[in-house]
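Here is how the chains run, residue by residue.
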Amino acid sequence: MRHLMLTLLLICSTAAAMPAQNAPVGSSARDTWAEWAPFLGTWVGMGGGDPGQGKGEFSFDAELKGAVLVRHSYAEYPATKEKPAYRHDDLMVIYPAAGGKGTRADYWDNEGHVIHYDVDLSGDRLVFTSNASSPGPRFRLTYLKTSKGELKLTFEIAPPTDKDNFKPYIEARIMHLPDAVD
């Protein structure tokens, strides 16, 4: 048992001393994710009672000393004639792609979905698009900064038979929480 503990301690010490593979030496979380500033922090969205609309909240925050960004999200949907009220929770981890070539994101939710995204950030537009070669439907999640403290969120789905024909599934207006800094 003592030998196992010593081995684990040695492995943990060695791993802690290794530099991050994708972060330049001397970079900080602020430097690595600087262009993401318009999207960082906590956001709330409010929808009506129509099917597919609800209310929710999400945040983009640097974690693991800036090695990744993490989006925590939930949405609550009211009951309809067809189904009871429910809550959707998800987690997305955003990270620099291998070799520093772009940004990737991996998504998981409480409904059992796992989605791997390519990420495109261009000014006030942030787009997550799943790979067309993956089986099943294709997904695209877009955040568009429409004004200070406000985003438009669009989640689209393309059918497996026409993976470039995205159709809106959810659209929402999102507001930065008042106590958060823009």
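Residues numbered from 1 in each chain as written. Predicted model: local features only at pLDDT ≥ 70, side-chain atom pairs only at ≥ 80, totals over all residues. Heavy atoms only, no water.

A closer look at the pattern of salt bridges
Then step 1. The final tally for this structure, using the stated rule, is 7 salt bridges.
Then step 2. For the salt bridge of Arg 104 with Asp 118, the shortest nitrogen-to-oxygen distance reads 2.5 Å. Here Arg 104, found in strand S5 (residues 103-109), pairs with Asp 118, found in strand S6 (residues 114-122); they are 14 residues apart in sequence, far enough to count as distant.
Then step 3. The partly exposed category is assigned to Arg 104, whose relative accessible area is 22%.
Then step 4. Its relative accessible area of 37% is what places Asp 118 among the partly exposed residues.
Then step 5. One salt bridge connects Glu 156 with Arg 140, and the closest N-O pair in it is separated by 2.7 Å. On the criterion of sequence distance, the pair formed by Glu 156 in strand S9 (residues 150-158) and Arg 140 in strand S8 (residues 138-147) is long-range, its members being 16 residues apart.
Then step 6. For Arg 140, a relative accessible area of 25% puts it in the partly exposed group. (Salt bridge = Lys/Arg side-chain N within 4 Å of Asp/Glu carboxyl O. Helix = DSSP H or I, 4+ residues; strand = E, 2+ residues; numbered from the N terminus. Buried < 20%, exposed > 50% of the residue type's maximum accessible area, 1.4 Å probe, protein only.)

With respect to the confidence of the model for the chain
Then step 1. Mean pLDDT over the chain stands at 81; residues scoring 70 or higher make up 76%.
Then step 2. The least confident element of the chain, judged by mean pLDDT, is helix H1 (residues 2-17) at 36; the most confident is strand S7 (residues 125-130) at 97.
Then step 3. Predicted confidence for residues 1-26 stays below pLDDT 50, and this span has 5 contacts to residues more than four positions away or in other chains. (pLDDT = per-residue confidence, 0-100. Contact = heavy atoms within 4.5 Å.)

Considerations on the side chain of Lys 163
Then step 1. Its place among the elements puts Lys 163 in the loop between S9 and strand S10 (167-176).
Then step 2. In this structure Lys 163 is buried but unpaired, with Asp 164 as the nearest side chain of opposite charge at 9.2 Å.
Then step 3. One polar contact links the side chain of Lys 163 to the main-chain carbonyl oxygen of Ala 132, over a distance of 3.4 Å.
Then step 4. Apart from the residues within four sequence positions on either side, Lys 163 is in contact with Ala 132, Ser 134, Pro 135, Gly 136, Pro 137, Arg 138 and Ala 158. (Lys, Arg positive; Asp, Glu negative; His and termini not counted. Polar contact = N/O pair within 3.5 Å; in protein donor to acceptor, adjacent residues only side chain to side chain.)

Focus: the packing of aromatic side chains
For any pair of aromatic rings, geometry is given as the distance between the ring centres together with the angle between the planes.
Then step 1. All told, the structure shown has 12 aromatic pairs when counted by the stated rule.
Then step 2. Considering the side-chain rings of Trp 36 and Phe 128, the 6.5 Å spacing of their centres and the 55° angle between planes classify their relative orientation as tilted. Of the two residues, Trp 36 sits in the loop between helix H2 (29-32) and strand S1 (41-46) while Phe 128 sits in strand S7, which places them 92 residues apart along the sequence. Pair check on accessibility: Trp 36 and Phe 128 agree, each one buried.
Then step 3. Geometrically, the ring pair formed by Tyr 77 and Tyr 86 is stacked, given 4.9 Å between the ring centres and 25° between the ring planes.
Then step 4. Its relative accessible area of 14% is what places Tyr 77 among the buried residues.
Then step 5. Aromatic ring contacts, followed pair by pair, group Trp 33, Trp 36, Trp 43, Phe 58, Phe 60, Tyr 117, Phe 128 and Tyr 143 into a single cluster.
Then step 6. In this structure, Arg 87 is placed above the aromatic ring of Tyr 74, and the distance from its NZ or CZ to the ring centre is 4.1 Å. (Phe/Tyr/Trp six-rings, centres within 6.5 Å; stacked < 30°, edge-to-face > 60°. Lys NZ or Arg CZ within 6 Å of the ring centre and 35° of its normal.)

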